[in-house]
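# Architecture at a glance
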Amino acid sequence: MLTLPLEACEVTLTDQATELLGPWRLDRPHWKARRGLMWIRIPGLAEYTVRDGRQVEIYPLSNEASALNLQHFLLSTPLAAISLQRGEIPLHAATLVSPDNNEAILLCAHSGTGKSTTAAALCQQGWCLMNDDISRLSLQEGRIQVWPGVNQIRLWPEACDLLELNTEQLAFSQGMKKKLLWQPEADTTPRPVRAIIELVRPRKEGLTELETGWQSVNGSAAIGLLKLHTFRPPLIAALEASLSHFQISAQLAQQVTLERLTLSPELTPQQVAATIAERWI
Amino acid sequence: MSTSMILLASYPKSGNTWLRILLSNLLYPAEAPISINDIRVGGFHCDRRELFDQLAPWDASDLTQAQVDTFIPEVYREALQQRQQPVYLKTHDKARRNPQGEWIFPGDCVSAAIHIVRHPLDVLPSYAKHFGLSHAEALECMLAPEQRGSKPLLYDKRRLPEQHGSWKEHTASWQDPELPFPVYRARYEDLRRNPQQEFGRLLRAIGLSFTEQELATALEYSSFQALQQQESQNGFKERLRKSAAPFFRKGVIGSGRQEVEPELQQRLLDTLAPELAAWEYLSGPE
């Protein structure tokens, strides 16, 4: 039941708290990390210990912690830690495959911008979903590749309304907040990355044409963007993954198109999806 | 800790944005008059989910409010380590402790707070318009938000949800004698009537230095008419999209008397009578 979407990783439940000694590069009450090791607690639910990119121990803090809930949080920060420990970049991004080619487009955005909603709108227009929230990037024979992961989209009820999804047929996501799970057509094949798009939606209305639209992100700005959108940026240094992160970022900046799409706040998810499809199909 | 925060605290629609604009005009005179869409003070982005999600161990959208409160002090500490200058944080949250007993605004992160209180009868119509509610719904939120059920207020998904609580809870929370930092208070009505003196007192209390002329100039750039004019010309990005009125709506002392239905006025005044008396509001905003 408790699984991660990657090879060669053991997930075990334990009935004893893991005793760990410092020193730590990241040392906070609920979160500690150093090279090869991360410990993290979600109060009232569980503690997760992640080792060497291949082992996770879960210590439930409550008898009421359901397997589904433990799995939900396993797919968050612990998955990102494993990815960094393996020398990958866990990008906070959705991955989609366009209808007419085999390359992947990644959408990253700050929380609340509408990344998942846009991904869902693209799926309604024929794209396939490879990842919703964390997209693992690695170098394979010199090429940047994205790996398939969780292919369900978690949507706020308001987003479901905008997408005209029948919420009565959708299950609630696990976790503490009630998002809904929508399962579009999935793609489960590792693929080369064609482009990474950062979605930006300023709060100000009535933006001019010059303030919206596509903008290339190159060089050091591209590397900064990749660091900014890495899932849990403090883990990069804490797990001593800075070098591998930089190496992949530098290759990404050379091989992959990185663009920022600044959206007018008035645009619907369908219009945003059409804008992306027009450029990238 | 390399620097610290100064909190700008108030119940919603009680003059907080006015204070932030005034501070911006005072602290950045070369850029005055400051655009209301580029307020320089108070937007320390700790209320943004994006910052929380980058610095906390888990995504805010996966957490309960109590769990978010657990991690908030850590987020402030981390965010402040990246700053060189003192930062101002606007907040409509009630002051409170998290389940571990720690103040969500911890004493080692905060050097002082300014707390503005406005007569709740004047807050009511403005609050209603801001959140797209009827006066009766807004009164329910202001008196007993826990009875409102699951219907949420119209918040921006990019921000952490505010826990401002009832007007009574909120106001009392910022008067808690155990708060681990000094709190300097003012009534909105006194700030409107005598801004030079009252703002001067507050801003000097938090350690700012300025001349009377500099404050007068900043006040002129921050006048309600000037802000209304900016909003009518350029819009205001902090206005909620479903809001039923301009953000800078009236700002008039006593407007609640004219706008709110008499039975709702009476209920509010009866329910909050002890608190109103304590703040020297006798029968209404005057």
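Residues numbered from 1 in each chain as written. Chains lettered and ligands numbered in written order. Predicted model: local features only at pLDDT ≥ 70, side-chain atom pairs only at ≥ 80, totals over all residues.

## Quick word on the sheet that holds strand β14 (residues 180-182) of chain A
All names here are of chain A. Put simply, the test is: Paired strands are those between which DSSP finds at least two bridges. Every helix listed is a DSSP run of H or I at least four residues long, and every strand listed is a run of E at least two residues long, numbered separately from the N terminus. Placing a C-beta atom from the backbone of each residue, one calls two residues in contact when those atoms lie within 7 Å. Angles run from 0 to 180 degrees between N-to-C directions of axes, and those axes are lines fitted to C-alpha atoms, restricted for helices to the stretch in contact.
Sheet architecture is open: three strands sit in the order β12-β14-β13, paired in antiparallel fashion. Two strands in the sheet have a free side with no partner beyond their single neighbour: β12 (153-155) and β13 (171-172). Inspection of the sheet shows β13 paired to β14 by two bridges, in the antiparallel sense. Paired with A171 across the bridge in β14 is L181. Sitting on the sheet, helix α3 (residues 115-124) is in contact with β12 and β14, with an inclination near 120° to β12.

## A word on the interface of chain B and chain A
We apply this condition: Side-chain classes are defined by residue name, with Ala, Val, Leu, Ile, Met, Phe, Trp, Tyr, Cys and Pro counting as nonpolar, Asp, Glu, Lys and Arg as charged, and the others, Gly among them, as polar.
The interface is formed by 21 residues belonging to chain B together with 23 residues belonging to chain A. Where the side of chain B that touches chain A is concerned, the elements lending two or more residues are α2 (49-55) and α3 (65-81) of chain B. The residue inventory of the side of chain B that touches chain A, partitioned by class, reads five nonpolar, seven polar and nine charged.

## Considering the packing of helix α8 (residues 195-205) of chain B against helix α9 (residues 212-221) of chain B
All names here are of chain B. We apply this condition: Note that the term roughly parallel is reserved for angles under 35 degrees, roughly antiparallel for angles over 145, roughly perpendicular for angles of 65 to 115, and oblique for everything else. Handedness of each helix crossing follows the sense of rotation of the near helix against the far helix: counterclockwise by less than a right angle gives left-handed, clockwise gives right-handed.
Two elements in contact, α8 and α9, have axes separated by 10 Å at closest approach and are oriented at 110°. Taken together, the axes of α8 and α9 are roughly perpendicular relative to one another. The two elements α8 and α9 meet at a crossing, and its hand is right-handed. Facing P195, Q196, F199 and G200 of α8, the residues of α9 in contact are E212, L215, A216 and L219.

## A few points about the pairing of strand β8 (residues 104-109) of chain A
All names here are of chain A. Stated formally: Field definition: a residue is buried when 20 or more other C-beta atoms are found within 10 Å of its C-beta, exposed when 12 or fewer are, and partly exposed for counts in between, with C-beta atoms placed from the backbone.
Most of β8 sits out of view: six of its six residues are buried. Because side chains alternate across β8, one face comprises the buried residues A104, L106 and C108, and the other comprises I105, L107 and A109, equally buried. With five bridges connecting them, strand β7 (residues 89-97) and β8 associate as antiparallel partners. Bridge pairing links A94 to L107 in β8. Connecting the antiparallel pair β7 and β8 is a turn made up of six residues. Relative to strand β15 (residues 191-200), β8 runs parallel, the two sharing six bridges. Within β15, the residue paired with A104 across the bridge is V193.

## Regarding unusual backbone geometry
Glycine aside, negative phi is the norm for most residues, and most peptide bonds take the trans geometry. Residue A:P23 follows A:G22 across a cis peptide bond; omega there is 0°. In this structure, A:P23 sits in the loop between β1 (10-13) and β2 (26-28). Of note, A:D52 is a non-glycine position whose phi angle comes to about 55°, a positive value. Inspection of the secondary structure puts A:D52 in the loop between β5 (46-51) and β6 (55-60). A positive phi is found at B:E280, a non-glycine position, where the angle reads about 60°. With respect to the helices and strands, B:E280 occurs in the segment after α13 (273-278). What makes B:E280 exposed here is the crowd of 9 C-beta atoms within 10 Å.

## Concerning the pairing of strand β4 (residues 37-42) of chain A
All names here are of chain A. With respect to burial, β4 is a largely interior element, five of its six residues being buried. Direction of pairing for strand β3 (residues 31-34) relative to β4: antiparallel, over a ladder of four bridges. The partner of A33 across the bridge, within β4, is M38. In this antiparallel pair of consecutive strands, β3 and β4, the connection spans two residues, and G36 shows a positive phi of 80°. In this structure, β4 lies alongside β5, joined through six bridges in antiparallel fashion. For W39, the partnering residue across the bridge sits in β5 and is T49. Adjacent in sequence and paired antiparallel, β4 and β5 are bridged by three residues, among which G44 carries a positive phi angle near 80°.

## Topic: the packing of α3(A) against helix α8 (residues 269-280) of chain A
Residue and element names in this part refer to chain A. At a minimum axis distance of 8 Å, the contact between α3 and α8 shows a crossing angle of 70°. Classified by the angle their axes make, α3 and α8 are roughly perpendicular. Where α3 crosses over α8, the two elements pack in a sense that is right-handed. Side by side, α3 and α8 meet where T117, T118, A121 and L122 of the first sit next to P269, Q270, V272, A273, I276 and A277 of the second.

## Concerning helix α7 (residues 242-255) of chain A
All names here are of chain A. As a reminder of what qualifies: For a helix, the expected span equals 1.5 Å multiplied by the residue count minus one. This arc is built from the directions going out from the helix axis to the C-beta atoms.
Between its first and last C-alpha, α7 extends 20 Å over 14 residues, near the 20 Å set by a 1.5 Å rise per residue. Within the sequence span of α7, burial applies to H245, I248, S249, L252 and A253. In an axial view of α7, the angular spread of the buried residues amounts to 140°, which keeps them on one side of the axis. In this structure, α7 carries L243 and Q254 as exposed residues pointing more than 90 degrees from its buried face.

## Remarks on the sheet that holds strand β4 (residues 183-187) of chain B
All names here are of chain B. Spatial ordering of the open sheet is given by β2-β1-β3-β4, a layout of four strands whose pairing is parallel. This sheet does not close on itself; its edge strands, each paired only once, are β2 (87-91) and β4. Sheet twist, expressed as the average angle between the axes of neighbouring strands with direction ignored, equals 20°. Relative to β2, strand β1 (residues 5-10) runs parallel, the two being bridged by five bridges. Bridge assignment links L8 to a residue of β2, and that residue is K90. The strands that helix α1 (residues 16-27) touches are β1, β2 and β3 (110-117); relative to β1, the one it contacts most, it runs at about 145°.

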